[in-house]
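Inside the fold
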Amino acid sequence: MRIHKRLALGLSAAALVLSLGAAGAQETLKIGTEGAYPPFNNLTSDGKLEGFDIDIANALCDEMKVKCEFITQDWDGIIPALQAGKFDAIIASMSITEERKQKVDFTNKYYNTPSAVAAPKDTTIAGVTKEDLAGKTLGVATSTTHFNYAEKTYTDSDIKAYPSSQEFLLDLANGRLDAASDDISVLEGFLKTADGACCKLVGSIQPVPEIHGEGAGIAIRKGETDLVKKFNAAIDAIRASGKYKEINDKYFTYDVYGS
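What counts, and at which threshold
Residues numbered from 1 in each chain as written. Predicted model: local features only at pLDDT ≥ 70, side-chain atom pairs only at ≥ 80, totals over all residues. Heavy atoms only, no water. Helix = DSSP H or I, 4+ residues; strand = E, 2+ residues; numbered from the N terminus. Expected span 1.5 Å × (residues − 1). Buried < 20%, exposed > 50% of the residue type's maximum accessible area, 1.4 Å probe, protein only. Phe/Tyr/Trp six-rings, centres within 6.5 Å; stacked < 30°, edge-to-face > 60°. Axes fitted to C-alpha atoms, helices over the stretch in contact; angles between N-to-C directions. Parallel < 35°, antiparallel > 145°, perpendicular 65-115°, else oblique. Left-handed = near helix turned anticlockwise from the far one by under 90°. Contact = heavy atoms within 4.5 Å. Nonpolar A, V, L, I, M, F, W, Y, C, P; charged D, E, K, R; others polar. Disulfide = S-S within 2.5 Å. Pairing = 2+ DSSP bridges. Salt bridge = Lys/Arg side-chain N within 4 Å of Asp/Glu carboxyl O.

**Section: helix α2 (residues 52–63)**
Helix length check: α2, at twelve residues, gives a terminal C-alpha distance of 16 Å against a target of 16 Å (1.5 Å per residue), a fit within 8%. Summarising burial for α2: nine of the twelve residues are buried, a large majority. Residues of α2 that are buried: Phe52, Asp53, Ile54, Asp55, Ile56, Ala57, Ala59, Leu60 and Cys61.

In structure tokens, the structure reads:
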């Protein structure tokens, strides 16, 4: 059967448009994050997300040739929201622990930094042992490895739980707490702010693997092994290309990936 030359050209052009459209189409990955954990993830006053987690997520999405769409979620409900399909992955400085592995699958770590304790500059607290913090009021974010460690270790202290680190750091700055515990990078970032001028680090905490886990990983719904593999390959790729170091050096003066 013959086709008119003009018709053939028209069909070829239409096929080309369809082909380009398919090639240009980009899968979207919905990424859950807290937006209240600077310098890792933070929601600015004008509604923009920023921080190490956000930059790493975007770099991973670029590597996987997909588009990141971020969804903020309160920390307490972030795993249930993932399980319910609100987003595809959690990139929010979530420590890889055995307890969480019962609910979600994890990628390999993308950073690993220790916990620490901060206190007012005039504190009598000399360290981070149970005895050092006995009788003191300690602020910690609930549902975190820092909270779990504090509950199990500082049994002679008054452990005060908060929904987010921003809230207990404000209370620390205003003199309503004797000390606070969080990731050392979070506390160091706080100490560089005007509010943080009140305080100092009193020490870092030796990690307890069964509490603190293996570092921060990306949480994925149970059974989605292909997505875990894609993220792991992307983490390796940005480590090898230098993109990870570029992002790391934007926020920190040391390698947060850890040994």
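Don't stop here, the text continues.
**Remarks on the packing of aromatic side chains**
Aromatic ring pairs: the centre-centre distance and the angle between the two ring planes describe each pair. Going through the model one piece at a time under the given rule, you end up with 14 aromatic pairs. A centroid spacing of 4.6 Å and a plane angle of 5° characterise the contact between phenylalanine 40 and tyrosine 111, whose relative ring orientation is stacked. Pair noted here: phenylalanine 40 is in the loop between β2 (36–37) and β3 (41–43) and tyrosine 111 is in the loop between β7 (104–106) and β8 (115–120), with a separation of 71 residues, a long-range link. Neither residue differs from the other here; phenylalanine 40 and tyrosine 111 are each classed as buried. Chaining the aromatic ring pairs together yields one cluster made of Tyr37, Phe40, Phe52, Tyr110, Tyr111, Tyr244, Tyr251, Phe252, Tyr254 and Tyr257.

**Quick look at the environment of glutamate 210**
Mapped onto the fold, glutamate 210 is located in helix α8 (residues 209–212). Relative accessible area serves as the criterion here: at 63%, glutamate 210 is assigned to the exposed category.

**Brief notes about the packing of helix α6 (residues 165–173) against helix α7 (residues 184–191)**
Closest axis-to-axis distance for the α6/α7 pair is 12 Å, and the angle between their directions is 45°. Taken together, the axes of α6 and α7 lie oblique to each other. The hand of the α6/α7 crossing is right-handed. Judged by residue contacts, Ser165, Leu169, Leu172 and Ala173 of α6 engage Val186, Leu187 and Phe190 from α7. When the residues that make up the contact of α6 with α7 are grouped by side-chain class, the tally is six nonpolar, one polar and no charged.

**Considering the state of the cysteines**
Using the criterion set out here, one finds two disulfides in the structure. Between the sulfur atoms of cysteine 61 and its disulfide mate cysteine 68 the distance is 2.1 Å. For the disulfide bridge between cysteine 61 and cysteine 68, the dihedral angle about the S-S bond is near 80°, and by the sign convention the bridge is right-handed. Taken as a pair, cysteine 61 and cysteine 68 share a single burial class, namely buried. With its sulfur 2.3 Å from that of its partner, cysteine 198 forms a disulfide with cysteine 199. Across the S-S bond of cysteine 198 and cysteine 199 the torsion is about -90°, and the bridge reads as left-handed. The exposure class of cysteine 198 is partly exposed, given its relative accessible area of 26%. The exposure class assigned to cysteine 199 is buried, which follows from its relative accessible area of 4%.

**Overview of the sheet that holds β8**
With mixed pairing, five strands are arranged side by side in an open sheet as β10-β9-β11-β8-β12. Across the chains shown, the open sheet's two edge strands, defined by having one partner strand only, are β10 (158–162) and β12 (199–204). Strand-to-strand twist of the sheet, defined as the mean angle between neighbouring strand axes without regard to direction, takes the value 30°. Where strand β9 (residues 137–141) and strand β11 (residues 179–183) come together, two bridges link them in parallel fashion. What sits directly across from leucine 138, in β11, is alanine 179.

**Digging into the pattern of salt bridges**
Inspection of every chain in the model, using the stated rule, returns eleven salt bridges. In this structure, glutamate 224 engages arginine 221 in a salt bridge whose closest nitrogen and oxygen atoms are separated by 3.0 Å. The salt bridge partner of aspartate 249 is lysine 245, with a shortest N-O separation of 2.6 Å. Remark: lysine 245 and aspartate 249 occur in helix α10 (residues 243–251); sequence separation between them is four residues, near one turn of the helix. Residue aspartate 249 is classed as partly exposed on the basis of its relative accessible area, which comes to 43%. Its relative accessible area of 53% is what places lysine 245 among the exposed residues. Shared partners join several salt bridges into a network, and the residues in it are Asp88, Arg221 and Glu224.

Functional significance is not addressed by these values, which are geometric in nature.
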